Amino acid sequence: MSSNSGIQIPSRLPLLCTHDGVLLPGSTMRISVDTARNMQLVKSRLLKGTSLKSTIIGVIPNTRDPEHDSDELPSLHSIGTAGLAVQVVGSNWPKPHYTLLITGLCRFRVTQPLRERPFPVAEVEQLDKLEQYTEGDQADGELGELSKRFYQAAVQLVGMLDMSVPVVAKLRRLLDSLPRETLPDVLASMIRTSNKEKLQVLDAVDLEERFKKALPLLTRQIEGLKLLQKTRKLRPDDDKRVLAIRKGGVFPGRQFSLDEEAEDEDGDDTAMLEKKVKAAAMPDAALRVCLKELKRLKKMPQSMPEYALTRNYLEMMVELPWSKSTTDCLDIRAARVLLDNDHYAMEKLKRRVLEYLAVRQLKSTLKGPILCFVGPPGVGKTSVGRSIARTLGREFHRIALGGVCDQSDIRGHRRTYVGSMPGRIINGLKTVGVNNPVFLLDEVDKLGKSLQGDPAAALLEVLDPEQNHNFTDHYLNVPFDLSQVLFIATANSTATIPPALLDRMEVLQVPGYTQEEKVEIAHRHLIPHQLEQHGLTPQQLQIPQDTTKDIISKYTREAGVRSLERKIGAICRAVAVKVAEGHKVSRAESPTEQHAVSHERSLNLSDQNTENKEEDSGIASPPEMPIVIDHIALKDILGPPIFEMEVSERLTLPGVAIGLAWTPLGGEIMFVEASRMEGEGQLTLTGQLGDVMKESAHLAISWLRSNAKTYLLTNGSADPLEGTDIHLHFPAGAVTKDGPSAGVTIVTCLASLLSGRLVRSDVAMTGEITLRGLVLPVGGIKDKVLAAHRANLKRVIIPKRNEKDLEEIPAHVRADLDFVFASTLDEVLNAAFDGGFPTAVSHPQVVSKL
Ligand code: ADP
């Protein structure tokens, strides 16, 4: 402690009374502070003081337990150790307390207590003259002899420890550089000694006596170690556990003790972990890190927070499937059958998936593109992903990315954070337990961005086949090979997928279903699945095709089949109740009538029928089987229809036209309304329109004004807008709309308003317009056409240049619809009105009604 040689402790010291552990000069100790007086000392002295002097306090050992700490100060031990508070940590759990890290400087004797409150302060006398020590090296006589013996014993002890441990090596060097007089204190605090023995060393103010007291303790430790090593030799594999010395000095209580039992338990635990690490078959880099961490773990006291962190880390590492994989059992013919069995329709998607699988079969290294299924919700994207895993015989894991806005969700937190953990990719691998699962990255288009970094950027590395064999999670901090993982992504729209990410993926569009397809899907998959889920059998419940059509058109309006599945589920629940309480429901008709009825409407759930049944409810018999759901039962279970076909209704006024819009949820039909009133030629637009849509409206008005004469819209004067204000509204007013494709609809709607003629109520249209009256192509034709078909419209006007897009549309839908391919607005207007739209040139005989 030569560095302390100049320190003179203050003559007045605040006193910290401890009851567990004895601080000796030259050692460092953690003291937990929770009694009122000690807390006061910490608060008003240590936390407020700014000078070095204010961090020196007197530590008085062996006072009474704080439980019995009463108002009056107990009698104090007269000798204590002045210590330097190196660190103060406060916590509120389980009760408010501080933990002090104190380094002992020298002994002192309490000469005169000065005050007791709020914390004791006393006049003290410094006992160890620190300066003397440096000169005292050459002490001779009995003291010299004693110190020499003590030094030799200390060297022997250190020699018995594992020198490869850095602390031990450091101690060995310290033994030579430390003044010999300090050795009894330093070693007594390091070796296994009881508090009583330490107290004896503390009380030995005389140096000679101190050596005499400490020497037997040291010899005892040496003997103990010898014994331990002898037994360890019999078990050579864990001889490294003999570690009596810990960095930073001594910790009180059990933590320091070489208590055999506790050490053994600890040792067994780490030995087990070591075995697991070796068995985990991890790559060299990871193994090296694990062994290093394991070595650190062995040297750490269990109470250290880092112990748990390191342990968790190691456990994570051994649980990861570094080289565990399933064998692919790919048979393309079987895969085709399985995909067909699982999913109706979606031919294009299934074909592409099969191609992908076939390539995989021919070339087993998986450096192909990452598939991304894009389409409205409920069209089976996730379930195709699951089928792919099944055809390959691989594990399946879904990672929901919707709303993820922190890149550590993907890549994990660094281990320095409390509660840090690996990202979802590594966690997923741990869950499935093999390194070649199918990972479904759900909703990649809903990734967010925040201050915590961009998760999409983190995904880039995951999804890049060139990079992902070296994916480094921040928590693991060693690369993990992801190249065997088959990634499939799903999204509702490509618009919000970051371009760099989109570039890594092959986009496969999964469009919505037509009504016929939905009926098929319902009968092949959804109904059997729901029946099974509700514990029903087809003998108990039948849903005829007409009912399914009703559910689709009156109770759902969606591109996929998710709410259809929910509605079928609702029917199953209602029927399950009836079946479960079956004995109460009795036959309504006589046995002879029964047979015929059972095919049509054996159990009618309407009120009227239940009334009938009430009459003979005394007869305990099951409901008649099967229960067939007809439209009355449907209304009874699902309530009145949610969606009515409002098309014909809404087109009874001039100034309404039906447009087709594309949304991430599929196509939609959209009514555009216009009205006119007296004014000064103002145009009002409502319905949350974006800039492009507003421009379309202005374009439409300009075109109509410039062509008013041709179409006989002049209203007497040269300008149809003279003395007139026009209001255009796009319903679903709360939904933001934008895009140029409503152009033709606005023109038609305004032409109808200005001419006073009705637009055909079975026509829907889409197309961008120009000032010259040309119709330009737009996107999303397939979804839009399906929406028109769903709404039972008969004629669809689309831009001529979109004609090629019709190929994707199922033949029966095409057959149901009458397509008009327009390249000019003239063609649009002619197709939208019954009998065409009159122009001054072509139909001079028709006079404007205005
Ligand atoms: P998404 O992931 O596209 O939102 P899901 O894969 O979750 O949709 O599908 C919703 C439900 O619809 C699932 O129960 C699925 O089995 C069913 N489904 C969707 N499309 C089909 C189909 N073509 N054939 C059979 N079932 C389908």
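Rules of the game
Counting starts from 1 at the beginning of each chain's written sequence and moves along it residue by residue. Confidence filtering applies because this is a predicted model: local features only for residues at pLDDT of at least 70, side-chain atom pairs given and counted only at 80 or more, and all residues used for totals across whole chains, interfaces and linings. Only hydrogens and water are set aside; all other atoms, that is, all heavy atoms of the structure, feed into the side-chain values. Paired strands, as defined in this entry, are two strands with at least two bridges between them according to DSSP. Helix and strand definitions here come from DSSP, where helices need a minimum of 4 consecutive H or I residues and strands a minimum of 2 consecutive E residues; each element is numbered from the N-terminal end. Residue burial is assigned from relative accessible area. The probe radius is 1.4 Å, only protein chains are included, and a residue is buried under 20% of its type maximum, exposed over 50%, and partly exposed in between. All tallies of charge rest on Lys and Arg as positive and Asp and Glu as negative; His and the ends of each chain are not included. When a carboxyl oxygen of Asp or Glu lies within 4 Å of a side-chain nitrogen of Lys or Arg, that pair is called a salt bridge. Working rule for contacts: check all heavy atoms of both residues, and any pair within 4.5 Å makes them a contact. Whenever a helix is involved, its axis is fitted only over the stretch in contact; in every case the axis is a line through C-alpha atoms, and angles between N-to-C directions fall within 0 to 180 degrees. We call a residue near a molecule or strand as soon as one heavy atom of that residue lies within 4 Å of the molecule or strand. Think of a polar contact as two N or O atoms within 3.5 Å of one another; within protein, one of them needs to be a possible hydrogen donor and the other a possible acceptor, and neighboring residues in sequence only count if both atoms come from side chains. Each accessible area is a Shrake-Rupley result for a 1.4 Å probe, and residues are judged covered by the shown protein chains and nothing else. Only rings of Phe, Tyr and Trp enter the pairing, Trp through its six-membered ring, and a pair is recorded when the two centres are within 6.5 Å. The plane angle decides the type: under 30 degrees is stacked, over 60 is edge-to-face, the rest tilted. The labels follow the angle: roughly parallel below 35 degrees, roughly antiparallel above 145, roughly perpendicular from 65 to 115, and oblique for the rest. Rotating anticlockwise by less than a right angle from the far helix to the near helix defines a left-handed crossing, while the corresponding clockwise rotation defines a right-handed one. Throughout, the ten residues Ala, Val, Leu, Ile, Met, Phe, Trp, Tyr, Cys and Pro are labelled nonpolar, Asp, Glu, Lys and Arg are labelled charged, and all others, Gly among them, are labelled polar.

Now for the pairing of strand β19 (residues 724-729). The two faces of the sheet receive side chains in turn, since in a regular strand these alternate between them. By the bridge criterion, six bridges tie strand β17 (residues 666-678) to β19 in an arrangement that is antiparallel. Across the sheet, the residue bridging to Glu678 is Thr724, located in β19. Here strand β18 (residues 683-686) pairs with β19 via four bridges, running parallel. Along β19, the bridge assignment pairs Thr684 with His727.

Turning next to the side chain of Asp783. Counting through the fold element by element, Asp783 comes out in helix α27 (residues 781-790). Look at Asp783: it is buried, it has no salt bridge, and the nearest opposite charge is Arg790 at 6.7 Å. Non-local contacts of Asp783, meaning those with residues more than four positions away in its chain, are made with Pro511, Gly512, Trp662, Gly666 and Gly667.

This next bit is on α27. Of all ten residues that make up α27, ten are buried, and the element is covered over most of its length. Among the residues of α27, those classed as buried are Ile781, Lys782, Asp783, Lys784, Val785, Leu786, Ala787, Ala788, His789 and Arg790. Of the residues flanking the end of α27, it is Asn792, one or two places downstream, whose phi is positive at about 70 degrees.

Right, let's get into the sheet that holds β18. Here we have seven strands laid out as an open sheet, ordered β18-β19-β17-β16-β20-β23-β24, and mixed in their pairing. Unpaired on one side and paired on the other, β18 and β24 (818-822) mark the two borders of the sheet. Within the sheet, the average angular offset between the axes of one strand and its neighbour, ignoring direction, is 25 degrees. Sheet contacts for α27: β16 (656-663), β17, β20 (763-765), β23 (795-799) and β24; angle to β17, the most-contacted strand, approximately 75 degrees.

Now for the site of the ligand. Among the 17 residues in the neighbourhood of the ligand, the closest are listed as Tyr344, Gly378, Lys381, Thr382 and Arg562. At 2.8 Å from a nitrogen atom of the ligand is found a main-chain nitrogen or oxygen belonging to Tyr344. Separating an oxygen atom of the ligand from a backbone N or O atom of Gly378 is a distance of 2.8 Å. Contact with the protein chains covers 86% of the free accessible surface of the ligand, which is 560 Å².

Moving on, we get to the side chain of Asp473. Within the secondary structure, Asp473 is located in the loop between β10 (471-472) and β11 (479-480). Buried and unpaired, Asp473 has Arg411 as its nearest opposite-charge partner, separated by 7.9 Å. At a separation of 3.0 Å, a polar atom in the side chain of Asp473 contacts the main-chain amide nitrogen of Gly423. Discounting chain neighbours no more than four positions away, the residues touching Asp473 are Ile410, Arg411, Gly412, Pro422, Gly423, Ile426 and Val478.

Let us now look at the packing of aromatic side chains. Under the definition given, this model contains eight aromatic pairs. Aromatic side chains Phe833 and Phe837 sit 4.7 Å apart centroid to centroid with 45 degrees between the ring planes, which places their arrangement in the tilted category. An identical accessibility class is assigned to Phe833 and Phe837; each is buried. Site record: aromatic cluster; members linked through ring pairs are Trp703, Tyr711, Phe833 and Phe837.

We now examine the pairing of strand β12 (residues 486-491). Counting buried residues along β12, six of its six residues qualify, which places the element largely inside the surrounding structure. The side-chain alternation of β12 yields two buried faces, one formed by Leu486, Ile488 and Thr490 and the other by Phe487, Ala489 and Ala491. Bridge analysis of strand β7 (residues 370-374) against β12 gives four bridges, and the strand direction is parallel. Within β12, the position partnered with Leu371 by the bridge is Ile488. Two elements, strand β9 (residues 438-442) and β12, share four bridges in a ladder whose sense is parallel. In the strand pairing of β12, Phe439 is matched with Phe487.

Here the focus is the sheet that holds strand β13 (residues 505-509). Here five strands make up an open sheet; going across it, the order is β8-β9-β12-β7-β13 and the pairing parallel. Only two strands of the sheet have a single partner each, and these edge strands are β8 (396-400) and β13. Within this sheet the neighbouring strands show an average axis-to-axis angle of 25 degrees, counted without direction. The strands touched by helix α12 (residues 347-362) are β7, β12 and β13; relative to β7, the strand with the most contacts, the crossing angle is about 170 degrees.

For the pair helix α19 (residues 545-555) and helix α23 (residues 631-638), the least separation of the axes is 10 Å and the interaxial angle reads 40 degrees. In terms of orientation, α19 and α23 fall into the oblique class. α23 is crossed by α19, and the crossing has right-handed handedness. Judged by residue contacts, Thr547, Asp550, Ile551 and Tyr555 of α19 engage His631, Leu634, Lys635 and Leu638 from α23.

Turning next to the environment of Gln221. Relative to the helices and strands, Gln221 is located in helix α7 (residues 207-234). Between the C-alpha atom of Gln221 and that of Arg192, which follows or precedes it by 29 residues, the distance is 6.9 Å.

Here helix α25 (residues 691-706) crosses helix α26 (residues 743-755) at 45 degrees, and the two axes come no closer than 9 Å. With respect to their mutual orientation, α25 and α26 come out oblique. In the crossing of α25 with α26, the sense of the turn from one axis to the other is right-handed. Contacts from Met693, Ser696, Ala697, Ala700, Ile701, Trp703 and Leu704 of α25 reach α26 at Gly743, Ile746, Val747, Leu750, Ala751 and Leu754. Looking at side-chain class alone, the contact of α25 with α26 contains eleven nonpolar, two polar and no charged residues.

Further remarks concern the pattern of salt bridges. Any two side chains of opposite charge can pair, on the condition that their charged atoms come close. Taken as a whole and judged by the stated rule, the model has 31 salt bridges. A salt bridge links Asp185 to Arg210; the nearest nitrogen and oxygen atoms lie 3.5 Å apart. Of this pair, Asp185 sits in helix α5 (residues 183-190) while Arg210 sits in helix α7, and the two are 25 residues apart along the sequence. Comparing Asp185 with Arg210, the two get one shared label, buried. Its salt-bridge partner being Glu803, residue Lys800 comes within 3.3 Å of it at the nearest N-O pair.

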